[in-house]
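Here are the chains, one letter per residue:
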Amino acid sequence: MIKFSQMPYARPDLDKTKAFYAEETECFRNAKTFEEADEAFLKVQEEEKHYSTMATIAQIRHDIDSTDAFYDEEARELAKARPMLRESTHAWEQALLASPFRKDFEKKYGEVMFLNLELEARSFSPEIVSDMQEESLLCIEYSNLLASAQIEFEGSTYTLAQMTPFKQSKDDAQRRSAWIAEGAWYTANGEKLDEIYDKLVAIRTRMAKKLGFDNYIPLGYLRMQRNCYDQKDVEAFRASVRENLVPVAEEVCKKQAERLGVQYPLSFADEALFYRSGNARPVGTADDILANGRKFYHELSPETAEFIDVMLDGELMDVVAKKGKVGGGYCTSLPDYKVPFIFSNFNGTQGDVEVITHEAGHAFAGYMARNIVPTECQWPSLESCEIHSMSMEFFAWPWAGDFFGDQQDKFRYKHLSDALTFIPYGTMVDHFQHEVYAHPEYTPEQRHDIWRDLLKVYMPWMRRDDIPFYGDGKGWQRQHHIYESPFYYIDYCLAQSVALQFWALTQEDHAAAWKRYMDLVKLAGTRTFRQLTDAAGLETPFGPEALRKVAAKAKEWLEGFDAGKLQ
Ligand code: ZN
């Protein structure tokens, strides 16, 4: 099997690609039979796979070393080309939607493809191409600004990712100064960060108006492929979070303050320290963590065993943090080779293990779906993708001893607690963006005010007069998604609500829960979020019931835990 470093790269020729689309769109329109139309369809599938493989290779290689001038240029050019190509793909999609053979296509490939095509068609017009280009360049500017951060701390210089261990240090003074040092970097770059976001909100609002919407919110929903729920459902979810989860999360944080012997509500720096003795840290080196990952997937199921060997033996996981590497982590795929790819930055915290469980959960789902045609149906919409990954984190609980040694209980207790405090945070991120895009005229200062107000509602356990930058209501500026992928964040919250249902099932019967998980994973993107949760016999989290039940179950588990062990 070809390894990642051996995969050839050549920039796809934009003009040739456009000509290809024009030709195939013409063939498709003139097709007299379904077979003829299907032939053009499959050719376009191959072209899309190749284009996406090239663009992804360039992006990954740029992200691994952002100082590499060649891939920096390639990533930029491809980002610029994408909206220009969009005109061609739009014409192709219009032809698909207008096809007299739609019924035959639906029969062969399922209905979700057309459902998503309809959303896509409503979210684009050639008129917004230049706006999309501007948008994507601003996102690159934001990402490069964060990647360029050099933070002076205790006599050395660190990137944002490298600051994370200090921000979780068990030494109160060190942890606090790490938060202050990091916050000071954001404050120093605050004007730039405000300016980038201001421009993004204006551009997105302009695009929405050109497409006939009042503001960006409905367009944002279309771009996030919301194919089975709307703003009202999300509002109902937010209400359920406030009612069912915020009180349980508050209890978690009160116990945390007691355990640490610190003031409640918590300061930002204290919230980051879950245990006085420090958070659970993975045992061993990066290689040990990868080896334990291999063991976990080998023991979990035959399908996961095959998958992890492909990943590790094909150099498909670049996980070690180094200078020049872009921050964060993600999972993507290289369709020409039918393999996923995992990118991340190991930093010695429990996040490293999450790469093995969370990101590899995505990758496993992608690997299982690698032969599905059309490729668009290999991945579901993003909230369902996050079910794959967040649930995998819970399925790994019995193997926590391999990753964390004698700190495994600390890990589990915190993992579950984090899930409960995360959902309110994530819901706040989404609520914030609704306010921002409903009021594009707001000034940066007004946006910071909204964030400060929402903190009171969704995170009443936080002290808001504390660390500069965070206490100033500007903490949202470090949340990549708010800049780069508007309205993405609620997807994590919806997914976590489903993953918690899987967690509850594993508490009863791990094997039975795994079987239901596989039922969901095997359907990949051939179904909507609601249909996928139905297929696994789970509840969608839009009504109050789903969250009420898991919150009660989680509360019971946490209260039944021997807290004496947790110092
Ligand atoms: Zn994920």
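Scroll up to find the structure this text is about.
Along every chain, residues carry numbers that run from 1 in the direction the sequence is written. Where local features are concerned, this predicted model is filtered to residues with pLDDT of at least 70; where side-chain atom pairs are given and counted, the filter is 80 or more; whole-chain, interface and lining totals use all residues. Side-chain numbers come from the whole structure's heavy atoms, not from hydrogens or water.

Enquirer: Please explain the side chain of E182 as it appears in this structure.
Expert: In this fold, E182 is placed in helix α8 (residues 172-188). Classification of residues uses two cut-offs on accessible area relative to the type maximum, computed with a 1.4 Å probe and protein chains only: under 20% is buried, over 50% is exposed, and between them is partly exposed. E182 gets classed as buried once you look at its relative accessible area, which sits at 3%. Looking at E182, its side chain comes within polar contact range of the side chain of K167, at 3.0 Å. Within the structure, the side chain of E182 is placed 3.5 Å from the side chain of R478, a separation counted as a polar contact. In this analysis, two residues are considered to be in contact whenever any of their non-hydrogen atoms come within 4.5 Å of each other. Among residues more than four places away in sequence, those in contact with E182 are I151, L160, K167, Y470 and R478. Comment: elements are numbered from the N terminus, with helices defined as DSSP H or I runs of at least four residues and strands as E runs of at least two. We call two N or O atoms a polar contact when they sit within 3.5 Å, provided that within protein one can donate a hydrogen and the other can accept it, with sequence-adjacent residues counted only if both atoms are side-chain atoms.

Enquirer: Got a minute to help me understand the packing of aromatic side chains in this structure?
Expert: To describe a pair of aromatic rings, one takes the distance between the centres and the angle between the planes. Only Phe, Tyr and Trp rings take part, Trp by its six-membered ring, and two of them pair if their centres are within 6.5 Å. Stacked means planes under 30 degrees apart, edge-to-face means over 60, and tilted covers everything else. Summed over the entire model, instances satisfying the criterion amount to 61 aromatic pairs. Each member of the aromatic cluster is reached from another via a ring pair, and the members are Y142, Y197, F422, Y425, F432, W451, W476, Y483, Y488, Y489 and Y492. Over the aromatic face of F4 sits the side chain of R61, whose NZ or CZ is 4.9 Å from the ring centroid. A cation over an aromatic ring shows up here: K414 above the ring of F274, its NZ or CZ 5.8 Å from the ring centre. Here, a charge over a ring means that NZ of Lys or CZ of Arg falls within 6 Å of the ring centre while also lying within 35 degrees of the ring normal.

Enquirer: Would you explain the coordination of the zinc ion in this entry?
Expert: Six octahedral donors at a metal ideally form angles of 90 or 180 degrees, and four tetrahedral donors ideally form angles of 109.5 degrees. Of the protein atoms, only H358 (NE2), H362 (NE2), E386 (OE) and E386 (OE) coordinate the zinc ion, at distances of 2.1 to 2.5 Å. Donors, by definition, are the N, O and S atoms found within 2.8 Å of a metal, the threshold being 3.2 Å for Na, K and Ca, and water is not counted, so a site can look incomplete. The rule is simple: four donors are tetrahedral if all their angles sit between 85 and 135 degrees, four are square planar and six octahedral if opposite donors span more than 155 degrees and the others lie between 65 and 115, and anything that fits none of that is irregular. Because the angles between the 4 donor atoms bound to the zinc ion fall within 54 to 145°, the donor set is best described as irregular. Along the chain, the residues donating to the zinc ion fall in the pattern H-x3-H-x23-E. A residue pair is termed long-range when its members are at least 10 positions apart, and H358 in helix α15 (residues 351-368) and E386 in helix α16 (residues 382-395) qualify at 28 residues. Residue H358 shares its accessibility class with E386, and that shared class is buried.

Enquirer: Teacher, can you tell me more about a negative patch on the surface here?
Expert: To count toward a patch, a residue needs a relative accessible area over 30% and no salt bridge; like charges are then connected within 9 Å, while nonpolar side chains (Val, Leu, Ile, Met, Phe, Trp, Tyr) are connected within 5 Å. Note that accessible areas follow from Shrake-Rupley with a 1.4 Å probe, and for residues the cover is restricted to the protein chains shown. Salt bridges are identified by distance alone: a Lys or Arg side-chain nitrogen within 4 Å of an Asp or Glu carboxyl oxygen. Residues scored as positive are Lys and Arg, those scored as negative are Asp and Glu, and His as well as the terminal groups of each chain are ignored. A charge is said to be at NZ when it belongs to Lys, at CZ for Arg, at CG for Asp and at CD for Glu. A surface patch of negative charge is lined by E35, E36, E39 and D104. Sorting elements by how many residues they give to the negative patch places helix α2 (residues 34-64) first, with 3 residues. For E39, the position within the fold is in helix α2. For E39, a relative accessible area of 51% corresponds to the exposed category.

Enquirer: Is there a simple way to explain helix α19 (residues 444-458) in this structure?
Expert: An α-helix turns once per 3.6 residues; consequently, residues spaced three or four apart project the same way. To estimate how far a helix should reach, multiply one less than its number of residues by 1.5 Å. Across its 15 residues, α19 extends 21 Å between first and last C-alpha, which sits within 8% of the 21 Å expected from 1.5 Å per residue. Residues of α19 that are buried include every one of R447, H448, I450, W451, L454, L455 and Y458, and no others. The arc enclosing the buried residues of α19, seen along the axis, measures out at 155°, which places them on a common side. Where α19 is buried, its residues meet α9 (190-210), α11 (231-260), α12 (268-271) and α18 (408-438). Arc definition: directions from the helix axis to the C-beta atoms.

Enquirer: Mind showing me how you'd approach the pairing of strand β5 (residues 339-346) here?
Expert: Note on strand geometry: in a regular strand, side chains alternate between the two faces of the sheet. Within β5, 8 of the 8 residues are buried, leaving the element largely enclosed by the surrounding structure. Burial along β5 is two-sided: the residues V339, F341, F343 and N345 and P340, I342, S344 and F346 are all buried. The pairing of strand β3 (residues 317-320) with β5 spans 3 bridges and is parallel. Of the residues in β5, the one forming a bridge with D318 is F343. Note that strand β4 (residues 330-334) and β5 share 5 bridges and pair antiparallel. Across the sheet, residue S333 finds its bridge partner in β5, namely P340. Two strands pair under a simple rule: DSSP has to find at least two bridges between them.

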